[in-house]
Amino acid sequence: RALAGDTCIVCILGGAKFVNDDSEALVKVVASKLGAATSSKFQFVTRGMPGVQKSFAEHCGDGSRVWNLLPVGESSCYSRGMDVHAGTEVEATKEVFGLIGHVYITGEGGPGV
């Protein structure tokens, strides 16, 4: 949270693949609208996963307010957003992700979401 300052951190969760085409379209619209409608006081965080998180990151404005939280040494390979590293293993990164958000948005996912 130190990196974010006084911004509201919105964490994005969701399945690694879309089961329903309508869900993918909805995630893209939500990302686009949130990117356009929110001020610089909002930062969006993914865990660098495919599916819902990648779609959100790549449709949220110019990506300047998207951080992709990953273990040290890993890359999201997203076309937008900035990779930020926390922990050396996935479990540590998951724990940080679970603690940093003020708001969590979930799009289509299963038991692991």
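Going by the structure above, here's the rest.
Let me begin by describing the structure that accompanies this report. (Residues numbered from 1 in each chain as written. Predicted model: local features only at pLDDT ≥ 70, side-chain atom pairs only at ≥ 80, totals over all residues. Heavy atoms only, no water.)

### Description of the overall build of the protein
- Helix and strand counts for the protein come out as three helices and five strands.
- In the protein, the succession of helices and strands from N to C terminus is β-α-β-α-β-β-α-β.
- Whereas a compact globule of 113 residues would reach a radius of gyration of roughly 13 Å, the protein reaches 13 Å, a difference of no more than 12%.
- Residues counted as buried form 40% of the 113 residues belonging to the protein.
- Counting only contacts in the protein whose residues sit at least 6 apart along the sequence, the fraction spanning at least 24 positions is 58%.
- Counting only carbon and sulfur atoms, one obtains 56% of the accessible surface of the protein, whose full area is about 6200 Å².
- Once the 10 positive and 12 negative side-chain charges of the protein are each reduced to a mean point, those two points are 5 Å apart. (Helix = DSSP H or I, 4+ residues; strand = E, 2+ residues; numbered from the N terminus. Rg over C-alpha atoms; globule rule 2.2 N^0.38 Å. Buried < 20%, exposed > 50% of the residue type's maximum accessible area, 1.4 Å probe, protein only. Contact = heavy atoms within 4.5 Å. Areas by Shrake-Rupley, 256 points an atom, 1.4 Å probe, with all protein chains shown as cover. Lys, Arg positive; Asp, Glu negative; His and termini not counted. Charge placed at Lys NZ, Arg CZ, Asp CG, Glu CD.)

### Looking at the side chain of Ser55
- Inspection of the secondary structure assignment puts Ser55 in helix H2 (residues 52–59).
- Look at Ser55 and you get buried, because its relative accessible area is 7%.
- Each residue touching Ser55, except ones within four places of it in the same chain, is listed here: Phe18, Glu24, Val27 and Lys28.

### Looking at the side chain of Thr93
- By secondary structure assignment, the location of Thr93 is in helix H3 (residues 90–100).
- Contact partners of Thr93, with chain neighbours within four places excluded, come to Leu69, Leu70, Pro71, Ala86 and Gly87.

### So, the packing of aromatic side chains
- This structure, assessed with the given rule, holds two aromatic pairs.
- Measuring from ring centre to ring centre gives 5.5 Å for Phe44 and Phe56, while their planes differ by 55 degrees; the resulting arrangement is tilted. On the criterion of sequence distance, the pair formed by Phe44 in strand E2 (residues 42–46) and Phe56 in helix H2 is long-range, its members being 12 residues apart. For the residue pair Phe44 and Phe56, the accessibility class agrees, reading buried in each case.
- Each ring, one from Phe97 and one from Tyr104, has its centre 6.0 Å from the other, and the planes form 80 degrees; the classification is edge-to-face.
- Residue Phe97 is classed as buried on the basis of its relative accessible area of 4%. (Phe/Tyr/Trp six-rings, centres within 6.5 Å; stacked < 30°, edge-to-face > 60°.)

### Here's the deal with the nonpolar core
- Grouped together as the largest cluster of nonpolar side chains are 12 residues: Val10, Ile12, Phe18, Val27, Ala31, Phe44, Val52, Phe56, Ala57, Cys60, Val66 and Tyr78.
- At the level of elements, strand E1 (8–14), helix H1 (21–37) and H2 are the ones that each hand at least two residues to this core.
- Ranked by residue count, the leading element in this core is H2, at three residues.
- Apart from the residues lying within four places of it in its own chain, the contact partners of Val52 are Ile12, Leu13, Gly14, Gly15, Phe18, Val27, Gly107 and Glu108.
- Grouped together as the second largest cluster of nonpolar side chains are 10 residues, Ile9, Leu13, Val84 and Ala86 included. (Core = buried A, V, L, I, M, F, W, Y, C linked by side-chain atoms within 4.5 Å.)

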